[in-house]
Amino acid sequence: MTADIYTIRVLRYDAKEPEREAYFSSYRVRAIPRLTVLTILSRIRDEIDGTLAFRSSCRAATCGSCAMVINGKPGLACRTQVAAAEGRTIILEPLPNLEIIKDLVVDMAPFWEKYERIKPYLMRESCEFEKEVFQSEEERKQIDQYVNCILCACCYGACEVLRRGADYLGPAALAKLQRFMIDSRDERPDAFLDSVNTSQGVWGCDTLLRCIDACPKEVRPTDGIVDLRKRLVKYRLKRLLKLGQT
Amino acid sequence: MVEHDVLIVGGGLAGLRAAVDLCDRYDVVLVSKVHPVRSHSIAAQGGINAALCNNPDGRDDSIERHAFDTIKGSDYLADQDAVEIMCREAISVVYEMEHWGCPFSRFADGTIAQRPFGGAGFPRTCYSADLSGHVLLNTLYERAVARGVKVYYEYVVIALVTEEGTCHGVVLIDQVEGRIIPILAKATLFATGGYGRIYFHSTNALINNGSGIGMAYAAGVPMKDMEFVQFHPTTLLGTNILMSEACRGEGAYLLDKRGERFMERYVPKAMELAPRDIVSRSIQTEIEAGNAFESELGPYVHLDLRHLGAERILERLPGIRRMSIDFAGVDPIDEPIPIVPSQHYSMGGIDTNARGETQVKGFYAAGECACVSVHGANRLGGNSLLDTIVFGKICAASIDEYLQGGAHEPREAVVARKKEEMEKKISKLSEKGGERPFAVMEDLRKTMDEHVGIFRTKGELKAGLEKILAIKERYGNISLSSSALHMNYELIAGLELSSMIDAAHATTLGALLREESRGAHFRRDFTKRNDVDWLRHTLAAKDASGELSISYREPVITKYRPMERTY
């Protein structure tokens, strides 16, 4: 494998120095095409510029730390090879729709706050089985794609609705809600859906599918949101009919 | 000064499990240098062992068999009382995780699926495809959210504060706000992960550098059995990303360049499913014999899944396939995966007993940072996830008991003094003119790779130790680019490097002194296990003059007499 010279341009900004506007730092690095953007970033920080800030941990597209915008597209730095860059220039920017803390590190607090709002845990009141709660492999498979979510926020950064307004729950939180709604073991009542029956909830989605495109783990949040809408309409209708009867 | 009843450091499985049990009754805070779902527990693939007997081939499994396999796998260095506790608790913690929503894979009868794993007499590894750590960590974090556990993430603990055998709290850096905060705690639990990243080639996340173990050592808590470092047989060529033992559990072959299943020459009965230490040594032997493939990234052998068929690969090993495509450009449905052995797990760590207690009152450790020891000289696959959850839970019970029984009052003056000390240290690290910390760190990691690997000899270990002592000298003269506390990853690396050097020192010295071969520690110059002289734990403690000194302790043996370890 031959090494090529790549130009890496990284957006720099420090929330602690708001008077200084965001700017790009440019680094020229020799790299073989198979190296990942994260490897290059680490080399820049370790060998050239120790002040560069970015998150990273597992290097294997599993922990979700290193989401950023790579040449205009949200993705994981550890999963993107430099070969993917056309013209040997790689532009790295922080994930949109979240405030910058420093350089490529964004404030994830709103993302986590919205995740918590959908009560992301199995709800089950039935008396506990002594052993496992049975679940067929088919039932287990239904939640598969949603279980795969690594909460990296690539979808959150790609979402056009969030770009327009920060109130929307966003694709990751709603996909997580769908994960529990369709888990055969979850006993959350349909009335739980009232909490997302708003323009900040399931009706906020524009179905532009940007989240699906951005997801590094093949999760399809839009499918989940559309299904939540159907479920919600069905449940509301049922409730109206019941009200009519009494 | 901020004070809490319980301070938990680390947001992986062990830390979260403890927090979930304690948060209702006490003022508990969990601090973590990354958000909890970014913790390295997430990367575990294969599964968690428990003798549930769900697999038709595992109906005769039992807690005793699980304990026996674990102890034999440990090459008899594990403390047998602790192993028995872990294997007994295994069943209830797996059911508990399921009740909390963990999406395990299932058998046709709706029960939790279990697969065979290395060194196990029965198929007892419960799994969720090849994302077992991912689903367990998410489930526990979800439970922590449900219970309202207070979490401060991107808070990096930089010192453990102890005095006269009692723990008073920690000093940490709030990376986002950029400030140093001293915290008082009645009880402190470290669940900070292993020391894999003292090696250059490792499957571990970059955060797993042994910082917690080093901080505990600096505060007077010994490191135990550090020379026992697990090398995983199957990691991706180039990046050393883990290719789960589940591959072999599902039936994958290991092939040399002639296409031969070379494990036949080493362990004809267990073949690819021999324990990790044995398989790694076999691969390394093949590499040295010239039977491996050659590439510009180094020699490698093949992990062949093709005969399993696309359907089984897609169903049971989807993550492995994705990673293999993304990071090696190889689709295992069509081609074998190029693999090499590489550092994977830390058997050694903070010296604790079976209750998670340390020599220091009010200080506990659980998970990979702790050495209880349940894994002894070699851990079996599927036992690390189990260890984290069981001992997280046990630590919660120990802490509860301690707080109920009238815990000590942490002393503000002691913690304040440590804070000042750390501030001075940071300002010294910020003086210009020295070496960048990453340059020193890279040399340390390469030294460990080169000198303290799968096969060890006196000469190599001695030379390695000398290099590490020289690196220790160099550490006194490192310089940071900036003294800012705000999102300064170089500063954190500079501070953690000190722990990494201590961990590397203990690992290398322990390996040099241990003149036998046991589990993952293999000496070419002492190829046999020697129970007469070496059936004992290594303890590395800081002596009065600040030097690392070694002592030994007998392991606990209940009913499993040490036997020859054959498979």
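Conventions adopted
Within each chain, residues carry numbers counting from 1 in the order of the written sequence. Just so you know, chain letters begin at A and ligand numbers begin at 1, following the order they were written in. Two thresholds apply to this predicted model, a pLDDT of at least 70 for residue-level local features and 80 or more for giving and counting side-chain atom pairs, whereas whole-chain, interface and lining totals are computed over all residues. How far each domain reaches was decided by an automatic or database domain assignment. Working definition: helices are DSSP H or I runs of at least four residues, strands are E runs of at least two. Numbering for both runs from the N terminus. Classification convention: Asp, Glu, Lys, Arg as charged; Ala, Val, Leu, Ile, Met, Phe, Trp, Tyr, Cys, Pro as nonpolar; all other residues, Gly among them, as polar. Here, expected helix span is obtained from the residue count minus one, scaled by 1.5 Å. Exposure criterion: with C-beta atoms placed from backbone coordinates, a residue whose C-beta has 20 or more other C-beta atoms within 10 Å is buried, one with 12 or fewer is exposed, and one in between is partly exposed. C-beta atoms are placed from the backbone for every residue, and two residues are taken to be in contact when these atoms lie within 7 Å. Strands are treated as partners if at least two bridges between them are detected by DSSP. A fitted line through C-alpha atoms serves as each axis, taken over the contacting stretch for helices, and the angle formed by two N-to-C directions is quoted from 0 to 180°. What sets the label is the angle itself: under 35 degrees gives roughly parallel, over 145 gives roughly antiparallel, 65 to 115 gives roughly perpendicular, and the rest give oblique.

So, the domain arrangement of chain B: which residues are in play, and what are the values?
Residue and element names in this part refer to chain B. In terms of domain boundaries, chain B breaks down into domain 1 (232-342) and domain 2 (431-543). Each of domain 1 and domain 2 was reduced to a C-alpha centroid, and the two centroids are 29 Å apart. It is helix α7 (residues 276-288) that provides the largest number of residues to the side of domain 1 that touches domain 2, a total of 4 residues. When its residues are assigned to classes, the side of domain 1 that touches domain 2 shows 1 nonpolar, 2 polar and 2 charged.

Go over helix α9 (residues 221-245) of chain A, please, and point to the residues and values.
An ideal rise of 1.5 Å per residue puts 36 Å on 25 residues; α9 of chain A measures up with 36 Å between its terminal C-alpha atoms. Considered for burial, the residues of α9 of chain A that qualify are Pro221, Thr222, Gly224, Ile225 and Leu228 of chain A.

Summarise the domain arrangement of chain A; cite the residues concerned and give the values.
All names here are of chain A. Annotation of chain A at the domain level lists domain 1 (4-106) and domain 2 (109-245). Relative placement of domain 1 and domain 2: their C-alpha centres are 31 Å apart. Residue assignment for the side of domain 1 that touches domain 2 shows that the elements contributing at least two residues are β3 (67-70) and β4 (73-76). Ranked by residue count, the leading element in the side of domain 1 that touches domain 2 is β4, at 3 residues. A breakdown of the residues in the side of domain 1 that touches domain 2 according to their chemical character gives 9 nonpolar, 4 polar and 1 charged.

Mind laying out the interface of chain B and chain A, listing which residues take part and the relevant values?
Across the boundary between the two partners, chain B contributes 44 residues, which contact 39 residues of chain A. Elements with a contribution of two residues or more to the side of chain B that touches chain A: α3 (80-99), α4 (132-147), α9 (318-328) and α14 (489-513) of chain B. With 6 residues, α4 of chain B is the largest single contributor of residues to the side of chain B that touches chain A. The class makeup of the residues in the side of chain B that touches chain A is 22 nonpolar, 13 polar and 9 charged.

Got a sec to walk through the sheet that holds strand β5 (residues 89-93) of chain A? Specific residues and values, please.
Residues and elements named next belong to chain A. Spatially, 5 strands are ordered β2-β1-β5-β3-β4 in an open sheet, and the strand pairing comes out mixed. Of all the strands in the sheet, just β2 (23-31) and β4 have a single pairing partner and so form its edges. Pairs of neighbouring strands in the sheet enclose a mean axial angle of 35°, with direction left out of account. Bridge analysis of strand β1 (residues 4-12) against β5 gives 4 bridges, and the strand direction is parallel. Of the residues in β5, the one forming a bridge with Thr7 is Thr89. Sheet strands in contact with helix α1 (residues 37-48) are β1, β2, β3 and β5, and its direction is about 105° off that of β2.

Break down unusual backbone geometry for me, citing the residues and quoting the values.
Of note, the bond from Val372 of chain B into Ser373 of chain B is cis; its omega dihedral lies within 30 degrees of zero at 10°. The phi dihedral of Asp103 of chain A falls on the positive side, at around 50°, and the residue is not glycine. Mapping Asp103 of chain A onto the fold places it in the loop between β6 (100-102) and β7 (105-106). Located in the positive-phi region is Glu164 of chain B, a residue other than glycine, with phi close to 50°. Tracing the backbone through its elements, the reader meets Glu164 of chain B in the loop between β7 (155-163) and β8 (166-174).

Describe the sheet that holds strand β3 (residues 48-49) of chain B, naming the residues involved and giving the relevant values.
The 3 strands lie next to each other as β3-β5-β4 (chain B), forming an open sheet whose pairing is antiparallel. Lying at the two open borders of the sheet, with one neighbouring strand each, are β3 and β4 (114-115) of chain B.

An account of the environment of Pro221 of chain A is needed here, citing residue identities and associated values.
Following the sequence through the fold, Pro221 of chain A ends up in helix α9. Non-local contacts of Pro221 of chain A, meaning those with residues more than four positions away in its chain, are made with Cys155, Pro171, Ala172, Leu174, Ala175, Cys211 and Ile212 of chain A.

Account for the packing of helix α5 (residues 211-218) of chain B against α14 of chain B, with residues named and values stated.
Residues and elements named next belong to chain B. One can describe the packing of α5 onto α14 by two numbers: an axis separation of 8 Å at closest approach and a directional angle of 80°. In terms of orientation, α5 and α14 fall into the roughly perpendicular class. Contacts between α5 and α14 involve Ser211, Ile213, Gly214, Met215 and Tyr217 on the former and, on the latter, Glu496, Ser498, Ser499, Met500, Asp502 and Ala503. When the residues that make up the contact of α5 with α14 are grouped by side-chain class, the tally is 5 nonpolar, 4 polar and 2 charged.

Tell me about α5 of chain B, residues and numbers included.
Residues and elements named next belong to chain B. In terms of burial, α5 is a largely internal element, 7 of the 8 residues being buried. Taken as a whole, α5 has its buried residues at Ser211, Gly212, Ile213, Gly214, Met215, Ala216 and Tyr217. Phi turns positive, to about 105°, at Gly220, one or two residues after α5.

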